[in-house]
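Read off the chains here:
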Amino acid sequence: MADTTMTTADGIPLKVSLRKALMRQKMRALMLVAPLFFFLFITFVMPILDMLFRSVDNSIVPDILPRTVLALEEWDPDVVDVPPEAAFEAMVKDIQEGYEAKTIGRVGRRLNFENPGMSSLFRKSGRRTKKINEAPYKEALIAIDDRWGESQTWRVIKKLSPKYTASYFLQAVDMQETVDGEITWQPEEYQVYLNLFWRTLVMSGIITILTIILGYPVAYLLATLPLRTSNLLMILVLLPFWTSLLVRTTSWIALLQTQGILNDLFVLVGLVDDDDRLQMIHNQFGTIVAMTHILLPFMILPLYSVMKTIPPSYMRAARSMGANPALAFVRVYMPNTVSGVGAGSILVFILAIGYYITPALVGGRTGTFISNYIATYISGAAQNWGLAAALGIILLALVLVLYLLYDKIVGIDNMKLG
Amino acid sequence: MTADHIVRFENVQKSYDGESLVVKNLNLNVERGEFLTMLGPSGSGKTTCLMMLAGFEPATHGEIFLNEQPINNVPPHKRGIGMVFQNYALFPHMTVAENLAFPLEVRKLPKADVEAKVKRALEMVQLPEFGGRRPAQLSGGQQQRVAVARALVFEPDLVLMDEPLGALDKNLREEMQYEIKHIHDNLGVSVVYVTHDQSEALTMSNRVAVFDDGVIQQLAAPDVLYEEPVNAFVAYFIGENNRLLGTVREVTGDYCMVELDGGGGVVKALAINIGGVGSRTTLSLRPERVVLSPAEGAVPNVLTGTVKELIYLGDHIRTRMTVSGNDEFIVKVPNAHGHASLKAGDTVQLGWVAEDSRALDAPQDGGPA
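It should be emphasised that the depicted structure is a prediction, and the values quoted were computed from it without experimental measurement.

Analysis parameters
Going along each chain's sequence as written, the residues are numbered from 1 onward. Each chain gets a letter, beginning with A, and each ligand a number, beginning with 1, in the order they are written. Confidence filtering applies because this is a predicted model: local features only for residues at pLDDT of at least 70, side-chain atom pairs given and counted only at 80 or more, and all residues used for totals across whole chains, interfaces and linings. Excluded from the side-chain calculation are hydrogens and water; included are all heavy atoms of the structure. Numbering goes from the N terminus for both helices and strands, where a helix is a DSSP run of H or I of at least four residues and a strand is a run of E of at least two. Here the radius of gyration uses the C-alpha set of atoms, whereas the globule reference equals 2.2 Å times the residue count to the power 0.38. Residue exposure (1.4 Å probe, protein chains only): buried if accessible area is under 20% of the type maximum, exposed if over 50%, otherwise partly exposed. Contacts: residue pairs with any heavy atoms within 4.5 Å of one another. Values of accessible area rely on a 1.4 Å probe in the Shrake-Rupley scheme; residue burial ignores everything except the protein chains shown. A positive count includes Lys and Arg, and a negative count includes Asp and Glu. His and the chain ends are not counted in either. Lys charges are placed at NZ, Arg charges at CZ, Asp charges at CG and Glu charges at CD. Whether two strands pair comes down to DSSP finding at least two bridges between them. For helices, the fitted axis covers only the stretch in contact; all axes are lines through C-alpha atoms, and the angles between them, taken along N-to-C directions, range from 0 to 180 degrees. UniProt positions are given in the numbering used here, feature names are shortened, and annotations may be inferred rather than shown by experiment. Accessible area that two parts lose when put together, with a 1.4 Å probe and added across both, is what the buried area reports. Here a salt bridge means any side-chain nitrogen of Lys or Arg lying within 4 Å of a carboxyl oxygen belonging to Asp or Glu. Start and end positions for the domains come from either an automated domain assignment or a database one. Orientation categories follow fixed angle ranges, with anything under 35 degrees roughly parallel, anything over 145 roughly antiparallel, 65 to 115 roughly perpendicular, and all other angles oblique. Two helices crossing with the near one rotated counterclockwise from the far one by less than a right angle form a left-handed crossing, whereas a clockwise rotation gives a right-handed crossing. Here, expected helix span is obtained from the residue count minus one, scaled by 1.5 Å.

K.L.:
Account for the overall build of chain A, naming residues and giving values.
P.N.:
If you tally the helices and strands in chain A, you get 20 helices and 2 strands. Over its C-alpha atoms chain A spans a radius of gyration of 31 Å, topping by over 25% the 22 Å that the globule rule assigns to 418 residues. Reported as C-alpha extents along the three principal axes, the dimensions of chain A are approximately 100 × 95 × 35 Å. Within the span of chain A, comprising 418 residues, buried residues form 40% of the whole. The contacts of chain A with a sequence gap of at least 6 include a subset with a gap of at least 24, amounting to 68%. Within the structure as shown, chain A displays about 23400 Å² of accessible surface, and the carbon and sulfur contribution to it stands at 65%. Here chain A carries 36 positive and 34 negative side-chain charges, and the mean point of each set is 15 Å from the other.

Following this line, the structure appears as structure tokens:
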């Protein structure tokens, strides 16, 4: 190509000139989004990055027990059961220092996740190692607690020496790395999370399907009724949004509990025996009912916005061509609402999968979601941020996979939210 | 034996709110093979009539007959009437061929027949290569053709068209008018066509029903409608029209003498739709029938006008004048050899023959003024 670049009247290349002209516009646009961008970055992106990091972070042990970690590098537990004297000396120094800095308890807690009892071992040792100041360290430590003489104790510490660990993720999928470095399933009685993930997915799926079944006719009415009637109906749909989530959930408790309104009614009409009242809340049933109710508007609104754009002439055209109302609906109306069903489903499903308050209140033992466990590990007695982060990331990955799957099947471009 | 009517409206009335009538006592016959247009301003009841015929709106009173069978209680899908909608109503989730196949599949025709008929229909509208496309990939004109083909593919006796060309630009609209007319001529199908565009109605129809205020004002062939409007509304609505208000002074046979308001004097006109002597009337006069500077004694009616405005339109010069106090008086001066050359402000003699001016009903309150 010869020199064919376009120039402005005074010889500046057109592209340069155009870029300059658009620069001011771009800057203004950037400045307008900047507050939101910073807000999202600080409150959304950073916590996610932090969570990603925490799920593999294992710096507690190498940070608080640096000498021990170094000393254990040479030790091969398959050759010698217990590490050499140098490791005991390093441990004593680390514990003394950690006790001074009041950080030793954290190591104990961290090791406790892998091997119950380690927490008490470190608490006990922390107090007593103060007096140890000369060799033989090994005997001195074992004198404090027999467990220092056991290979298991040291193996756990050696296993947790690296700065990063996959143990949280393994735990989150009911697996573990044994001290021998083998990856195996957790013992049967400790396997909870896979089941929980599965239950969360299945229940979210049921809730999504229920919202479609209940929401579709309502959205259809909203889109086709005369404006005055449909406005009133719309207010009824939106009404739940103006009530507190807690109020809505607790009112379901009032309705469904064994001494609740519904059971009273059943007993009154003789449907169930007074001694045999139905358990409808604090189980899966209760969670599904309450969450279907709460998430219903998120299905109705996208459906409505799609249905609103379907001209009534489509149905009329189908009927003028000889299709009866049912056939016209199935062949012409419904295919045009697929994008709304898709948008509503993905919205409801993603909201459901991470729902916390409602399952926490009405879920009981069988109706809780994975998010309830995550919350327990963040704030409960069994605080374990690493595990909570790993569970959270798996949940996030699941949602992303579903999202991609949806994109492959239906196409995100076809989704209409409003 | 009555004539072969494919559609008959008998005393049909329609009200949406129970307070006012949108269609007032409609009686209308559509003959087999006819292209009948319902023409009127919006709100005149023409679309409502079409919807009642299609079955999407129930008649409040009266009966509609299709092939002499009452159809008030026949649902739309059993009427077998083809329909073309204002915005085409092509199904966006189906290809063009699937759209055309829909009415045939619904009728459970064998697959081979469906394919053959779809192919023929696409050829009829000159889109044989477009079967695999989606409606969104077609231009407005192409969508329009597909919509016409879809309404005809199941070979109905009657096709309804609801302002089908409204969304097209002017050139395409004219092209499609001829095309639809040719299809009608070739297939011999009866068409009821609704539009508010009078040139469309005049171009395509065998007969035009001019609607206003829920009543058919005149039902006639296009040329009759234009040249012999029976009332002021039709004269006003069809084509361009000069209106001069006046009072009837004398009626003799088919003619009457009208004294114009505004001091224009007394003129002679055809008595079409007037009361007795002394009643008010509207004189209707087509702009192309006005003669400028008429020779002495050539026309009975001669008035003086002042030129207000000249608009050059190529084939003719549209001249706006003040005549007898009416300053919206239009004269079309043909751009022919040796035509009168006028300037704004000129005073000129103009006249017309009595047969070209029709004395019609006077405007009512709220009617076209």
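K.L.:
With reference to specific residues and values, describe the sheet that holds strand β2 (residues 23–31) of chain B.
P.N.:
The strands making up a sheet associate through hydrogen bonds between their backbones, and the pairing can be parallel or antiparallel. Residue and element names in this part refer to chain B. The strand order across the open sheet formed by 4 strands is β2-β1-β4-β5, and the pairing between neighbours is antiparallel. The open sheet has two free edges, formed respectively by β2 and β5 (69–70), since each of these has just one partner strand. Most of the contacts of helix α1 (residues 46–54) go to strand β1 (residues 5–14), to which it runs at about 120°, and overall it touches β1, β2 and β4 (61–66).

K.L.:
Before we move on, can you summarise the UniProt feature "domain: ABC transporter" (unreviewed entry) in chain B with the specific residues and values?
P.N.:
Under the local residue numbering, the UniProt record ascribes the feature "domain: ABC transporter" (unreviewed entry) to residues 7–238 of chain B. What you have in residues 7–238 of chain B is 36% helix and 24% strand, and the ends, taken at the C-alpha atoms, are 25 Å apart.

K.L.:
Run through the UniProt feature "transmembrane region" (unreviewed entry) in chain A, naming residues and quoting values.
P.N.:
The positions that UniProt labels "transmembrane region" (unreviewed entry) are, in the present scheme, residues 29–49, 196–220, 232–255, 285–307, 328–357 and 385–406 of chain A. Secondary structure content for residues 328–357 of chain A is 87% helix and 0% strand, while the C-alpha to C-alpha distance between its ends is 42 Å.

K.L.:
I'd like to hear about the interface of chain B and chain A, residue by residue, with values.
P.N.:
Note: interface size is frequently given as the accessible area lost on complex formation between the parts. Facing 22 residues of chain B, the contacting portion of chain A comprises 17 residues. When chain B packs against chain A, close to 1800 Å² is buried across both sides, 66% of that on carbon and sulfur atoms. Looking at the side of chain B facing chain A, the largest losses of area belong to His77(B), His93(B) and Phe102(B), adding up to 31% of the total buried there. Applying the counting rule to chain B against chain A returns 2 salt bridges. Here Glu105(B) makes a salt bridge to Arg331(A), at a shortest N to O gap of 3.3 Å. A total of 4 residues in the side of chain B that touches chain A trace back to one element, the largest contributor, which is helix α2 (residues 96–106) of chain B.

K.L.:
Explain the domain arrangement of chain A to me, using residue names and the numbers behind them.
P.N.:
Here chain A is described as being made up of domain 1 (60–163) and domain 2 (193–414). Each of domain 1 of chain A and domain 2 of chain A has a C-alpha centre, and the two are 51 Å apart.

K.L.:
Tell me about the sheet that holds strand β8 (residues 190–195) of chain B, and please be specific about residues and values.
P.N.:
Residues and elements named next belong to chain B. Spatial strand order, β6-β7-β8-β3-β9-β10: 6 strands in an open sheet with mixed pairing. Each end of this open sheet is capped by a strand with a single partner; those strands are β6 (82–84) and β10 (215–220). Geometrically, the sheet is characterised by an average inter-axis angle of 15° between neighbouring strands, direction not taken into account. Where strand β9 (residues 207–212) meets β10, 5 bridges bridge the pair, whose relative direction is antiparallel. The residue of β10 that forms the bridge with Phe211 is Ile216.

K.L.:
An account of the packing of helix α10 (residues 193–224) of chain A against helix α17 (residues 338–353) of chain A is requested, with residue identities and associated values reported.
P.N.:
Residues and elements named next belong to chain A. Orientation of α10 relative to α17, taken along the N-to-C sense of each, is 140°, at an axis distance of 9 Å. Between α10 and α17, the angle is such that the two are oblique. In this structure, the crossing between α10 and α17 has a hand that is right-handed. Together, Thr200, Leu201, Ser204, Gly205, Ile207, Thr208, Thr211, Ile212 and Tyr216 of α10 and Val341, Ser345, Val348, Phe349, Ala352 and Ile353 of α17 make up the contact between the two elements.

K.L.:
I'd like a description of α17(A), backed by residues and values.
P.N.:
All names here are of chain A. Taking 1.5 Å of rise per residue, the 16 residues of α17 would be expected to cover 22 Å, and the 22 Å separating its terminal C-alpha atoms lies within 8% of that figure. With 12 of 16 residues buried, α17 is to be regarded as a mostly interior element. Residues of α17 that are buried include every one of Ser339, Gly340, Val341, Gly342, Ala343, Gly344, Ser345, Ile346, Val348, Phe349, Ala352 and Ile353, and no others. Considering only its buried residues, α17 is in contact with α10, α14 (284–308), α16 (325–336), α19 (370–379) and α20 (385–409).

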